[in-house]
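Coordinate analysis (summary)
Read off the chains here:
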2 protein chains.
Amino acid sequence: MSSHKNVLYAQSGGVTAVINASASGLITAARQYPNQIGKVYAARNGILGLLAEELIDTSFESDDAIAALKHTPGGAFGSCRYKLKDLAQNRSEYEQLIKVFSAHNIGYFFYNGGGDSQDTAHKIAQMGKQLDYPITCIGIPKTIDNDLPFTDNCPGYGSVAKYVAISTKEAGLDVASMASSSTKVFILEVMGRHAGWIAAAAGLIRQEKSEPPHLILFPEIAFNPTVFCNRVKEAVEANGYCVVVAAEGVKDENGQFLAQSGQKDAFGHEQLGGVAPYLASLIKRTLNYKNHWAVSDYLQRSARHIASEVDVDQAFELGKKALEFALAGKNAIMPIIVRTQESPYQWEVGSVDLDKVANQEKKMPRDFISQDGFEITEACRNYIAPLIQGEAYPPYHHGLPTYVKLKNILVPKILNPS
Amino acid sequence: MSSHKNVLYAQSGGVTAVINASASGLITAARQYPNQIGKVYAARNGILGLLAEELIDTSFESDDAIAALKHTPGGAFGSCRYKLKDLAQNRSEYEQLIKVFSAHNIGYFFYNGGGDSQDTAHKIAQMGKQLDYPITCIGIPKTIDNDLPFTDNCPGYGSVAKYVAISTKEAGLDVASMASSSTKVFILEVMGRHAGWIAAAAGLIRQEKSEPPHLILFPEIAFNPTVFCNRVKEAVEANGYCVVVAAEGVKDENGQFLAQSGQKDAFGHEQLGGVAPYLASLIKRTLNYKNHWAVSDYLQRSARHIASEVDVDQAFELGKKALEFALAGKNAIMPIIVRTQESPYQWEVGSVDLDKVANQEKKMPRDFISQDGFEITEACRNYIAPLIQGEAYPPYHHGLPTYVKLKNILVPKILNPS
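None of these values were measured; they are calculated from a predicted model.

What follows is about the overall build of chain A. Secondary structure summary: chain A contains 13 helices and 15 strands in total. A globule of 418 residues ought to have a C-alpha radius of gyration of about 22 Å, and chain A, at 22 Å, matches this closely. Once the C-alpha set of chain A is aligned to its principal axes, its extents read approximately 75 × 50 × 40 Å. Put simply, chain A has 418 residues, and 58% of those count as buried. Of all intrachain contacts in chain A linking residues separated by at least 6 positions in sequence, the fraction that spans at least 24 positions is 76%.

What follows is the structure in C-alpha cells.
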C-alpha cells in the first residue's frame, strides 16, 4: 500500500446524465498526482457500500474507461437513497465510516450528491474532527432538481433542461400538425417535486404567444382547476391546440400533491407520478378535448444522448476542481459554479463552506414566473438558456451509444474479511 | 398557370420524425422537372384540407426550407385523422376530391400515410377512372407502427425504434445504479396498438440475460398477471432490478386491452394509454417492489433529435422515387423498401400495387418473439438492427434544434372563392 492517503468517492441519491462526468473529472485529475495521492476508491452503491466496506478499486479501470465515464449516464459505481441520521441519534454509523476510512487509509472523501448528501458530507467532516481522524471532506454538487443554493446551477440540470425543451418542441410540432381533427391537448409531466426548474426549461422554446408550451405548471404556484381549464380552452381556441408542461410536484390550493402514488423513498419523500393522467382526465371531463399525455420520468434524467455540453463540462470540471481543492488543503467545502458573465455565458469554479449548504432548497424566485403563474419570465429565460448550450453527443457503435461498463473490482475487506 | 399538370401531396394520420423527409424528397425531386410538372401543392391538414380546397403552394418555400424539412419532425403541412367512407357509401366526397383536382389542374396525387391512407389512395385512383378524370395516385408509406405489408419497413419506424432502444438503455443504467436501496422495477410504455414492433426495438440493447430489457410485453402475446409477476420477481432476484418495456396495446387473455382511456380516434380505434401505471400498480400490490414508470407517447414518434439515419434516408428516397415513378407513368402503386442484403444491410426502392396493400396489418411473426413471449429472437434482432443505424442529427442554434416553419401560403380557392 502506498504511504500516500487514498481517495474515496461516492455517488448519492438520484443519478443524472452527467454524474459520471464528475467522477471522470475527479479520477482523471487524481491520476495526475501519483506523488500526492494513493488509490482512488469508489463506494459501491454510495454510502451503503461505504458502511459495508464495499470499496471499488478504480485503479483497475483504464484511462479510456475513465474518460468514457464522461459520456455515460447513470451511476457507474452505484448510488443509493440513504440518509444518515443526526450524529446525536446514530453516532455508531458515523463511527463505522471513520473505521472504514482508517482501515483503508482514506484521507479524502468526496460525496457527489444533492442537498441531503451535502449535509452528510458536512457531518462526516465534523465527526472526523471529534474522533481526531484527519479526513478531508468535499461535497460535489449534483441534482437535476437544480435546488442547491450558492452554485449558479447544479450539474445534471442543464441536460434535463435541454431534454425537456427539445422534447416539448418536438411533441409540440406533432400535436400542432394533428390538432385540426385529432388531439388538441398534449400534457408532458416532468420531474420537480418542490421546485419548478425542470418544467421551466420547456419555456425556452417559446418565441411567440402562439407557440408551445402554452401553460407551465410549477410546484411553486397553487393549482386551480377552473383557472387552468379556462386557460387550456383559450389556448385551443386561439391556436388550435394546447401544450401543457407540468411538474410532478404541482399542488392544489390546500398544498396537496395533485397525484400521489403512495410510495415513499428512503428520505421519507412522497414518490410522485401521475399528474399528467390527472390533468388529462380533468381536461377530458371538463372540456371534452381529445388529449395525449407523456410522463418522461427516468428518461429525462438519463438522456445522455442529448446532454448539454455546458452541463457535461461543468460536471467534469467540478469533479476535477474538488480533487484540486482537497490537495490544496481545503476542507468541508463544496465547489460551485460561479456565473461571471451572463451573455455570452462565462463561468468559473468557486467554493462554499458545507455548513452553509446543508438542507437548503433553492426554489424558483417568484420573478422567474409570470404574474399569472403559467409562464417563465425573461429573467428566467436568461438564467436557463446558457445551461443548455452545445450538444455533447456520446460515441455510437451500430446505432447505439457506447456507454462504458466498469470492471468495479472490490478491494479486499479488512474490517470484515470474508 | 402552367400547362403542365400540378402535383398534390398530402400527409395523413399520426405524424413521425421523418414524414417531412418524404415531403422533402418529393418536392426536391419535383423541382428537377420544371418541363414536366407544374406546381407542387400540399393539402392543408391532409385530406380534410383537400376536401375543403385548402391547398398550400409550396413554390413559395425556398430550396433551403424544403431541404430543412428533412430534419424537421411533425407534419409540416398538417395531417389529419379522417377516413373516407367506401365509394358506395359516400360517393360525394370522392366526387368533391375530383372536383378539387380538376379545378387546380392536379395530375398527380401523393398520399403519405399508413394502411388506411393507402386504402384511400387506392379508392381515389379507382374513382378517377370511373369519372374519367385522369389522376396518377401514389401512396407513400409512413407509420411508426411498421405494420404495412410488402415494404421491408415503414419510414418512421427506424427512428422510433432507435429512440426506444436508447431510452431503455439509458433508463436501465439509471435503475441499475439505484436498485440496491431504491427503485427495483422500471416500466416504459411505448406505442403499438396491435403490433409489437416498437416494444421489440428495446430488445436490441440486450447483450446478456442480466441486461435490460428483462421483459417485453407484446400485443401479440396474451398477458397473464401471475406469469408476469413471477418473471419480474425472478429478474429482481437475479439482477437486483427489472426493466419492463410494454406496448400500449397489451391485452389480457380475454383480448381486453389492459388499459383503456375510453377515447376513440376518428378511425374508431380505441385511444390507449396507461399500461405502465397499470403494471406499476400490479407490481406494487403483488410484489411490493418500489417502481417507476414512464410513458413516452408523442415524444417517441417526434424525436427527430435522435432519428435513425437509415430511416431519414429511406423516407427521403421514397418521396423522391414516388415522384419519379409517377413521371414514369406508374399509377396506383406504393413505393416500398426492398432489403437486398441483410448484413451489411443494403436496400433499394421497389413498388407494389395499391390494391394489394390496403387495410392489411403486418404483425410480428411468431418466430420474432421468444417461446416464452417476453423477448425478441435473433431473427427479430437481425431484422430491426439495420434500421436504427446512423445518427441523423438536426442542426442546432443556441442549444435547440432549428426545425423549419414553412410559410404555408394558400392557393386562392376556385370552387368556393372567398
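That covers the picture; the talk isn't over yet.
Here the focus is the relation of the copies chain B and chain A. After a rotation of 180° and a shift along the axis of 0.0 Å, chain B superposes on chain A with an RMSD of 0.0 Å. Here the symmetry operator amounts to a two-fold rotation axis. If distances are taken from each C-alpha of chain B to the rotation axis, the shortest is found for V295(B), at 2.4 Å. Interface overlap between copies is the fraction of interface residues in one copy that are interface residues in the other; for chain B against chain A it reaches 100%, indicating a shared surface.

Another aspect to go through is the packing of helix 1 (residues 19-30) of chain A against helix 11 (residues 309-327) of chain A. Residues and elements named next belong to chain A. Where helix 1 contacts helix 11, the axes come no closer than 7 Å and their chain directions differ by 40°. Classed by the angle they form, the pair helix 1 and helix 11 counts as oblique. Between helix 1 and helix 11 the crossing geometry is right-handed. Two secondary-structure elements touch here, helix 1 through A21, S22, A23, S24, G25, L26, T28, A29 and A30 and helix 11 through V312, A315, F316, E317, L318, G319, K320, A322, L323 and E324. Across the contact of helix 1 with helix 11, the residue classes tally to 11 nonpolar, five polar and three charged.

A few words on helix 1 (residues 19-30) of chain B. Residues lying three or four places apart along an α-helix face the same way, a consequence of the helix completing one turn every 3.6 residues. Residues and elements named next belong to chain B. Relative to the 16 Å expected for 12 residues at 1.5 Å per residue, helix 1 spans 17 Å between its end C-alpha atoms, a close match to the ideal helical length. Most of helix 1 sits inside the fold, with 11 of its 12 residues counted as buried. Those residues of helix 1 not exposed but buried are I19, N20, A21, S22, A23, S24, G25, L26, I27, A29 and A30. Considering only its buried residues, helix 1 is in contact with strand 1 (6-11), strand 2 (40-43), helix 3 (63-68), strand 4 (106-113), strand 5 (136-141) and helix 11 (309-327).

Before going further, it helps to examine the nonpolar core. In this structure, I198(A), A199(A), A246(A), I198(B), A199(B) and A246(B) are the most contacted members of the largest nonpolar core, which totals 272 residues. Once you skip the residues sitting within four places of it in the chain, I198(A) turns out to touch I144(A), V160(A), A161(A), V164(A), V190(A), M191(A), G192(A) and A247(A).

Moving on, we come to the interface of chain B and chain A. Facing 62 residues of chain B, the contacting portion of chain A comprises 63 residues. By residue number, the principal contributor to the side of chain B that touches chain A is helix 6 (residues 157-178) of chain B, which donates 13 residues. Split by residue class, the side of chain B that touches chain A holds 29 nonpolar, 22 polar and 11 charged.

Further remarks concern unusual backbone geometry. Here the amide bond leading from P212(A) into P213(A) is cis, since omega sits at -5°, within 30 degrees of zero. Within the fold, P213(A) resides in the loop between helix 7 (197-201) and strand 7 (215-217). Residue S343(B) is joined to P344(B) through a cis peptide bond whose omega torsion reads 0°. Residue N288(A) is not a glycine yet carries a positive backbone phi of 55°.

Residue and element names in this part refer to chain A. Mean pLDDT over chain A: 93, with 96% of residues reaching 70 or higher. Every residue in residues 261-266 scores below 50 in pLDDT, and together they form 17 contacts with partners more than four places removed in sequence or on other chains. This complex was scored by the predictor with a pTM of 0.96 and an ipTM of 0.96.

Turning to the pairing of strand 2 of chain B, a few remarks are in order. All names here are of chain B. Burial along strand 2 is two-sided: V40 and A42 facing one way and Y41 and A43 facing the other are all buried. Direction of pairing for strand 1 relative to strand 2: parallel, over a ladder of three bridges. Residue pairing for strand 2: V7 is matched across the bridge by V40. Relative to strand 3 (residues 55-57), strand 2 runs antiparallel, the two being bridged by three bridges. When the bridges of strand 3 are listed, Y41 appears paired with D57.

Bringing the environment of C242(B) into the picture now. All names here are of chain B. Mapped onto the secondary structure, C242 falls in strand 8 (residues 242-247). By C-beta crowding, C242 is classed as buried, having 28 other C-beta atoms within 10 Å. Along the backbone, C242 and V185 are 57 residues apart, and their C-alpha atoms lie at a distance of 4.8 Å. Those residues in contact with C242 that lie beyond four places of it in its chain are K184, V185, H214, L215, V232, A235 and V236.

Residues and elements named next belong to chain A. The first and last C-alpha atoms of helix 9 (residues 275-287) sit 18 Å apart over 13 residues, in line with the 18 Å expected at 1.5 Å per residue. Taken together, the buried residues of helix 9 touch strand 6 (185-190), helix 8 (225-239), strand 8 (242-247) and strand 11 (291-295). Of the residues flanking the end of helix 9, it is N288, one or two places downstream, whose phi is positive at about 55°.

Residue and element names in this part refer to chain B. Pairing between strand 12 (residues 333-341) and strand 13 (residues 346-353): eight bridges, direction antiparallel. Residue pairing across strands places I333 opposite D353, the latter belonging to strand 13. Hairpin geometry of strand 12 and strand 13 is characterised by an intervening segment of four residues between the two adjacent antiparallel strands.

Residues and elements named next belong to chain A. Domain assignment breaks chain A into domain 1 (6-142 + 305-358 + 392-401) and domain 2 (157-303). The straight-line distance from the C-alpha centre of domain 1 to that of domain 2 is 33 Å. Contact residues are listed per partner, giving 16 residues for domain 1 and 11 residues for domain 2. Of the residues in the side of domain 1 that touches domain 2, the class split is seven nonpolar, five polar and four charged.

The subject of this paragraph is the environment of W347(A). Residues and elements named next belong to chain A. Following the sequence through the fold, W347 ends up in strand 13 (residues 345-353). In sequence terms W347 and I337 are 10 residues apart; their C-alpha atoms lie 6.5 Å from each other. Those residues within four positions of W347 in sequence are excluded, and the remaining contacts are D152, Q314, I337, V338, R339 and T340.

Another aspect to go through is the environment of D116(B). As for its placement among the helices and strands, D116(B) is situated in helix 5 (residues 115-130). Between the C-alpha atom of D116(B) and that of V295(B), which follows or precedes it by 179 residues, the distance is 26 Å.

Criteria and thresholds
Residues numbered from 1 in each chain as written. Chains lettered and ligands numbered in written order. Predicted model: local features only at pLDDT ≥ 70, side-chain atom pairs only at ≥ 80, totals over all residues. Helix = DSSP H or I, 4+ residues; strand = E, 2+ residues; numbered from the N terminus. Rg over C-alpha atoms; globule rule 2.2 N^0.38 Å. Buried ≥ 20, exposed ≤ 12 C-beta atoms within 10 Å, placed from the backbone. Contact = placed C-beta atoms within 7 Å. Least-squares fit on C-alpha atoms with pLDDT ≥ 70 in both. Axes fitted to C-alpha atoms, helices over the stretch in contact; angles between N-to-C directions. Parallel < 35°, antiparallel > 145°, perpendicular 65-115°, else oblique. Left-handed = near helix turned anticlockwise from the far one by under 90°. Nonpolar A, V, L, I, M, F, W, Y, C, P; charged D, E, K, R; others polar. Expected span 1.5 Å × (residues − 1). Core = buried A, V, L, I, M, F, W, Y, C linked by C-beta atoms within 7 Å. pLDDT = per-residue confidence, 0-100. Pairing = 2+ DSSP bridges. Domains from an automatic or database assignment.

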